[in-house]
Amino acid sequence: MRGLRQYGGVHRALSTIARPFGAFVLIAAFALAGLLALPAPARAGQDTFVEVTPNSVQAGSRVSIRASCDNANDRQAEVTSDAFNRVFLRPDNGFLTGSVTVPGDKAAGDYPVHLRCDNDRTDSTTLTVLNMDQPTKGPATGAGGTADRGTGSMLLLGGVATVAAAVVFGLLSSRRRAGS
């Protein structure tokens, strides 16, 4: 027994398996704890809100309205504003949606938009109406479609006169050569 040494292979084999397995278990535990700490994804209908898109429009433009009435998104809701009077939103893919046109003569300003749900929940947002003067045509800057109309007819008459003169000159030149 003197020449025999204790074989450490069994102990080493267990430690080479146990260390990676322990590390794997530790990583899995941290990953699971991280997943449990994440907030639950938001679902449509978890709260009450109203949004107008776009929230700044020229008078006479159409806006889209999207809203949520907590867990009552399967029933219609009413939206009112001095900007467009009243519109009823209808259920659409878990939300309430609708659209309305702001009258063209609506004065510029900020208008509150109020949502009233069937379950007595409410919310508000703001719609900004712009009433800018719209140009009827661009400035007369030269040869484009905005140029003075008299210029185009003068150019046309000049072109026709030049072509006619060239034809007459060509005919007279050919007669002189044929006659000589």
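Just above, that's the structure.
In this text, all values refer to a predicted model and were calculated from it rather than measured experimentally.

A. Layout of the pairing of strand S3 (residues 62-69). Taken together, the 6 bridges between strand S1 (residues 48-53) and S3 define a ladder with antiparallel strand orientation. By the bridge assignment, Glu51 is partnered in S3 with Arg66. In the sheet, S3 pairs with strand S6 (residues 95-101) via 6 bridges, with the strands oriented antiparallel. The residue bridging Ile65 from the neighbouring strand is Gly98, located in S6.

B. Summary view of the pattern of salt bridges. The full count for this structure, using the stated rule, is 5 salt bridges. The partner of Glu51 in a salt bridge is Arg66, with the nearest N and O atoms 2.7 Å apart. One end of the pair, Glu51, is in strand S1; the other, Arg66, is in strand S3, with 15 residues separating them in the sequence. Under the relative-accessibility criterion, Glu51 is labelled partly exposed at 30%.

C. Highlighting the nonpolar core. The biggest cluster of nonpolar side chains holds 24 residues, and the ones touching the most others in it are Ile65, Val79, Phe84, Leu89, Leu115 and Leu127. Counting only elements with at least two residues in this core, the list comes to S1, S3, strand S4 (77-81), strand S5 (85-92), S6, strand S7 (109-116) and strand S8 (122-130). Top contributing element to this core by residue count: S3, with 4 residues. Ignoring any residue separated from it by four or fewer positions in sequence, one finds Phe84 in contact with Ile65, Val79, Val100, Thr101, Pro103, Val113 and Leu127.

D. Spatial organisation of the state of the cysteines. Applying the stated criterion across every chain yields a total of 1 disulfide. With its sulfur 1.9 Å from that of its partner, Cys69 forms a disulfide with Cys117. One quick way to see it: the torsion about the S-S bond of Cys69 and Cys117 is about -80°, and its sign makes the bridge left-handed. Placement of the pair is Cys69 in strand S3 and Cys117 in the loop between S7 and S8, with a sequence separation of 48 residues. Both residues of the pair, Cys69 and Cys117, belong to the buried class.

E. Here's a closer look at the environment of Val50. The topology assignment puts Val50 in strand S1. Its relative accessible area of 6% is what places Val50 among the buried residues. Separated by 17 residues in the primary sequence, Val50 and Ala67 have C-alpha atoms spaced 4.2 Å apart. Discounting residues that sit within four places of it in the chain, Val50 has contacts with Ile65, Arg66, Ala67, Val113, Leu115, Asp123, Ser124 and Thr125.

F. Focus on unusual backbone geometry. The step from Thr53 to Pro54 runs through a cis peptide bond, and the omega angle for that step is -10°. Tracing the sequence through the fold places Pro54 in the loop between S1 and strand S2 (56-58). At Asp70, a residue that is not glycine, the phi angle is positive and equals roughly 60°. Tracing the backbone shows Asp70 in the loop between S3 and S4.

Definitions and cut-offs
- Residues numbered from 1 in each chain as written.
- Predicted model: local features only at pLDDT ≥ 70, side-chain atom pairs only at ≥ 80, totals over all residues.
- Heavy atoms only, no water.
- Pairing = 2+ DSSP bridges.
- Helix = DSSP H or I, 4+ residues; strand = E, 2+ residues; numbered from the N terminus.
- Salt bridge = Lys/Arg side-chain N within 4 Å of Asp/Glu carboxyl O.
- Buried < 20%, exposed > 50% of the residue type's maximum accessible area, 1.4 Å probe, protein only.
- Core = buried A, V, L, I, M, F, W, Y, C linked by side-chain atoms within 4.5 Å.
- Contact = heavy atoms within 4.5 Å.
- Disulfide = S-S within 2.5 Å.

The analysis is restricted to geometry; functional conclusions fall outside its scope.
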